[in-house]
Amino acid sequence: MPLVPVAYNCQDGPKRDAKCRVLDVYGDPIPHLYICGELGSMWTAVYQGASSNAECMIFDRIAGREAAKVDPKA
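Residues numbered from 1 in each chain as written. Predicted model: local features only at pLDDT ≥ 70, side-chain atom pairs only at ≥ 80, totals over all residues. Heavy atoms only, no water.

Attention now moves to unusual backbone geometry. For Cys 20, which is not glycine, the phi dihedral falls at a positive 65°. Take Cys 20: it is sitting in the segment before strand S1 (21–23). (Helix = DSSP H or I, 4+ residues; strand = E, 2+ residues; numbered from the N terminus.)

For the rest of this paragraph, the subject is the environment of Met 57. With respect to the helices and strands, Met 57 occurs in helix H1 (residues 51–68). For Met 57, a relative accessible area of 60% puts it in the exposed group. Sequence-wise, Met 57 and Cys 36 are 21 residues apart; in three dimensions their C-alpha atoms are separated by 8.8 Å. (Buried < 20%, exposed > 50% of the residue type's maximum accessible area, 1.4 Å probe, protein only.)

Put into structure tokens, the structure is as follows:
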């Protein structure tokens, strides 16, 4: 069976808080910038098998809910 390298998934990335807001280098949320899926993964360097599906579903829902609360005029 031939073996080839692949990019399995994306771990790490910008830091996020519990509301999926992207945090700047000082740990403050960047206004109107949300993160979802595996980007900013809580697992970072330690991949847990099958954790990505649950992480994507949970954080996609949180990011969508929080972004929907934003007043576009603010």
